[in-house]
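What follows is the residue order along each chain.
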Amino acid sequence: MRTNNSLVRLAVLQALACASGLVLATPGKASADPARFDIAAQPLPNALKSFAAQAKMQLLYRYDVVSHAKASPVTGQLEKHAALEQLLRGTGLEAVYSSNNTATIRPISTVNRLQSRPAQ
């Protein structure tokens with residue numbers, strides 16, 4: 001009886017290990033799915049609305065934070081996270097992902113600004 005319990009436990013542990021590997025691998029594949037973008041340079045609030053519709057993503061942001069920025073153009077077949085980074089380039093804003101399809105747009109933190117500066 002004890003041997004059967006050990007075998008069952010071993011089988012369950014192996015199944016859990018396999019399942020956790022699949023869960024970890026899935027988000028990377030999903031974020032690599034390209035989408036077609038056609039967004040002109042324009043005020044950032046309008047560009048974010050267009051981006052969200054074209055990428056099928058939910059974007060969270062405070063209007064007063066994005067209202068004064070201008071979006072860089074994004075066109076072509078691109079991975080959506082790379083496309084959002086391109087859209088935000090030069091705005092002083094960044095996307096922080098809470099899931100593959102949800103991002104919060106916020107000012108780039110001081111730590112990130114210092115890390116992204118070229119060495120003097």
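Note that the structure is predicted; figures quoted are calculated from it, not measured.

J.: Before we go on, may I ask you to explain the overall build of the chain in this structure?
T.: Of regular secondary structure, the chain possesses 5 helices and 7 strands. When the helices and strands of the chain are placed in sequence order, the string is α-β-β-α-β-α-β-β-α-β-β-α. A separation threshold of at least 6 residues defines the contact pool for the chain, and within that pool the share at least 24 residues apart is 54%. As displayed, the chain offers around 8200 Å² of accessible surface, 59% of which is attributable to carbon and sulfur atoms.

J.: It is not clear to me how the nonpolar core should be interpreted in this structure. Could you clarify?
T.: Here is a general trend for soluble globular proteins: nonpolar side chains tend to be buried in one another's company. Core analysis: the largest hydrophobic core is formed by 22 residues, its most contacted members being Phe 37, Leu 44, Leu 48, Phe 51, Leu 59, Leu 84 and Leu 87. Mapped by element, the contributors of at least two residues to this core are β1 (34-39), α2 (44-55), α4 (80-88) and β7 (102-107). Sorting elements by how many residues they give to this core places α2 first, with 6 residues. The residues touching Leu 59, leaving out its near neighbours within four places in the chain, are Leu 48, Phe 51, Ala 52, Leu 84 and Ala 103.

J.: What is the right way to read the layout of surface pockets from this model?
T.: Summary: where empty space remains is shown by rolling a probe the size of a single water molecule over the atoms. In this structure, the largest pocket occupies an estimated 240 Å³ of space. In terms of lining residues, the largest pocket is bounded by 13 residues, among which Glu 85, Leu 88, Leu 93, Glu 94 and Ile 108 are the most central.

J.: Honestly, the packing of aromatic side chains in this entry has me stumped. Any pointers?
T.: Tallied over the full model, the rule gives 1 aromatic pair. Arranged with centres 5.1 Å apart and planes meeting at 5°, the rings of Phe 37 and Phe 51 form a pair that is stacked. Residue Phe 37 is found in strand β1, and its partner Phe 51 is found in helix α2; the two are separated by 14 residues along the sequence. Neither Phe 37 nor Phe 51 differs from the other in exposure class; each is buried.

Cut-offs and rules
- Residues numbered from 1 in each chain as written.
- Predicted model: local features only at pLDDT ≥ 70, side-chain atom pairs only at ≥ 80, totals over all residues.
- Heavy atoms only, no water.
- Helix = DSSP H or I, 4+ residues; strand = E, 2+ residues; numbered from the N terminus.
- Contact = heavy atoms within 4.5 Å.
- Areas by Shrake-Rupley, 256 points an atom, 1.4 Å probe, with all protein chains shown as cover.
- Core = buried A, V, L, I, M, F, W, Y, C linked by side-chain atoms within 4.5 Å.
- Buried < 20%, exposed > 50% of the residue type's maximum accessible area, 1.4 Å probe, protein only.
- 1 Å grid on protein atoms, 1.4 Å probe; cavity = no way out; pocket = protein on both sides within 12 Å on 5 of 7 lines; lining within 4 Å.
- Points joined across faces, edges and corners; volume = space filled by probe spheres on them.
- Phe/Tyr/Trp six-rings, centres within 6.5 Å; stacked < 30°, edge-to-face > 60°.

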